[in-house]
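Inside the fold
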Amino acid sequence: MFYHSKELQFKARVSKPDPRFARLLLEQFGGGNGELKAAMQYFVQAFACHNPYPDKYDMLMDIATEELGHLEIVGATIQMLLAGVNGNLKDAAERNPVFGDDFSKDDFIHAAFSVNPQFGVVTGGGPCLTDSNGVPWQGSYVNADGDLTVDLRSNIAAESRAKIVYEYLMQFTDDKDVLATLNFLMAREVAHFQQFEAALDTIQPNFPPGVLQSDPRYSNLYSNHSQGADARGPWNEGKSTGLGEEWQYVEDPHRQVLETDGLTRLEPQGTERTEASVRSADRKLGKKRSAEIRRATPERNIQWCEYDEDRAPVKQRQPVGQE
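All of the points below concern the structure found in this document. Nothing here was measured: the structure is a model prediction, and the numbers come from that model. (Residues numbered from 1 in each chain as written. Predicted model: local features only at pLDDT ≥ 70, side-chain atom pairs only at ≥ 80, totals over all residues. Heavy atoms only, no water.)

On to the overall build of the protein, then. Helices and strands together make up the secondary structure of the protein, namely 11 helices and 2 strands. Going from N to C terminus, the protein has its helices and strands arranged as α-α-α-α-α-α-α-α-α-β-β-α-α. Out of the 323 residues belonging to the protein, those deemed buried represent 39%. Taking all contacts inside the protein whose residues are at least 6 apart in sequence as the whole, residues at least 24 apart take part in 77%. Per element, the accessible surface of the protein, about 19,100 Å² overall, is 53% carbon and sulfur. (Helix = DSSP H or I, 4+ residues; strand = E, 2+ residues; numbered from the N terminus. Buried < 20%, exposed > 50% of the residue type's maximum accessible area, 1.4 Å probe, protein only. Contact = heavy atoms within 4.5 Å. Areas by Shrake-Rupley, 256 points an atom, 1.4 Å probe, with all protein chains shown as cover.)

Evaluation of the coordinates by the stated rule reveals 2 cavities of 30 Å³ or more. Roughly 30 Å³ of volume is contained in the second largest cavity. Lining the second largest cavity are Asn33, Gly34, Lys37, Ala38, Tyr42, Ala158, Glu159, Ala162 and Glu189. Where the lining of the second largest cavity is concerned, the elements lending two or more residues are helix H3 (35-48) and helix H8 (148-169). When grouped by side-chain class, the residues that make up the lining of the second largest cavity number 4 nonpolar, 2 polar and 3 charged. (1 Å grid on protein atoms, 1.4 Å probe; cavity = no way out; pocket = protein on both sides within 12 Å on 5 of 7 lines; lining within 4 Å. Points joined across faces, edges and corners; volume = space filled by probe spheres on them. Nonpolar A, V, L, I, M, F, W, Y, C, P; charged D, E, K, R; others polar.)

This paragraph deals with the packing of aromatic side chains. Any pair of aromatic rings gets described here by the distance separating the centres and the angle formed by the planes. Under the counting rule described, the total for this entry stands at 8 aromatic pairs. For the pair phenylalanine 10 and phenylalanine 184, a centre-to-centre distance of 4.8 Å together with 15° between the ring planes defines the contact as stacked. Of this pair, phenylalanine 10 sits in the segment before helix H1 (19-25) while phenylalanine 184 is found in helix H9 (residues 176-201), placing the two residues 174 residues apart along the sequence. Relative to tyrosine 141, the ring of tryptophan 137 has its centre 5.9 Å away and its plane inclined at 85°; by these criteria the two rings are edge-to-face. Given the relative accessible area of 21%, tryptophan 137 is considered partly exposed. (Phe/Tyr/Trp six-rings, centres within 6.5 Å; stacked < 30°, edge-to-face > 60°.)

This part covers the pattern of salt bridges. Taken as a whole and assessed by the stated rule, the structure comprises 11 salt bridges. Between aspartate 55 and lysine 56 there is a salt bridge whose closest N-O contact spans 3.0 Å. For aspartate 55, a relative accessible area of 32% puts it in the partly exposed group. Classification of lysine 56 by relative accessible area gives buried; the value is 4%. In this structure, lysine 239 engages glutamate 246 in a salt bridge whose closest nitrogen and oxygen atoms are separated by 4.0 Å. Here lysine 239 falls in the exposed class, since its relative accessible area comes to 57%. We classify glutamate 246 as partly exposed; its relative accessible area is 31%. Each of Asp215, Arg217 and Glu275 takes part in salt bridges that share partners, so that together they form one network. (Salt bridge = Lys/Arg side-chain N within 4 Å of Asp/Glu carboxyl O.)

Before going further, it helps to spend a moment on the layout of surface pockets. If you add up the space inside the second largest pocket, you get close to 250 Å³. Lining the second largest pocket, in full, are Phe2, Tyr3, His4, Ser5, Glu7, Leu8, Gln9, Thr65, Glu66, Leu68, Gly69 and Glu72. Its residues placed into classes, the lining of the second largest pocket shows 4 nonpolar, 5 polar and 3 charged.

Structure representation (structure tokens):
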């Protein structure tokens with residue numbers, strides 16, 4: 001159940017109309033890294049963790065709902081940046097010279113149409129659910145894989161991309177009121193990044209993502225697939241960050257492939273993990289994850305939530321099997 005408050009979360013304002021920036025801001029309204037994408041992604045992801053991770057369900061729904069509020073802030077800002085367009089379009093009897101040689105009545109509306117014709121011929125002077133180039137929003141923007149360790153990493157990446165888009169947008173306006181709004185929205189991306197990161201840390205083990213632990217013959221190889229000056233760093237020397245294995249630098253990948261029959265005769269090196277230990281870990285973690293879901297999900301008389309007629313606080317369900 002959703003309720004809508006007519007007050008925006010942040011006091012969005014603009015100093016004056018700016019149709020050019022309104023078009024750029026559409027990127028965060030209907031673009032692939034925008035607020036609607038974030039809201040729908042977290043909303044969809046929440047369903048799979050409703051029973052085994054009720055605490056994460058609560059977090060995802062809270063953030064998804066906040067993102068809808070941010071979508072409203074962006075839409076309202078776009079509408080204010082287009083102030084004047086809608087009224088001119090509705091004055092059809094006067095037939096304002098929207099296109100033509102006479103710009104004396106309203107140069108602004110001409111600018112709006114030249115920047116984005118959709119403002120005039122599709123949306124009537126309001127925001128549209130597209131990116132800044134007019135590409136419609138689409139459900140394929142949403143990443144939801146049903147494994148919480150994967151989804152939370154997707155969300156960390158999504159918040160990073162949204163943050164940098166706001167950072168770029170701030171370079172294209174001098175309006176202090178608009179900048180204040182963008183600053184708020186950008187800061188909230190930083191907050192959400194940290195919240196998802198903290199939530200991921202409560203699920204242990206969480207690396208590698210998913211259940212299968214990865215083949216130790218290949219998990220610590222770095223193949224030098226380029227010619228010229230080679231770079232070395234913690235991504236190809238020393239211990240790997242996730243598994244703590246020693247990186248094996250392969251100077252000549254083609255020769256390695258030939259000598260090992262397409263890597264099928266390769267033996268694990270620089271790691272204490274073996275194929276047998278990995279299979280054992282796969283079975284153990286697979287049973288743990290499955291048990292979490294089975295214990296938390298009834299198979300009969302299933303209902304999504306409980307209703308308290310006296311409106312007393314509902315006892316919080318505890319997540320299952322978290323360390």
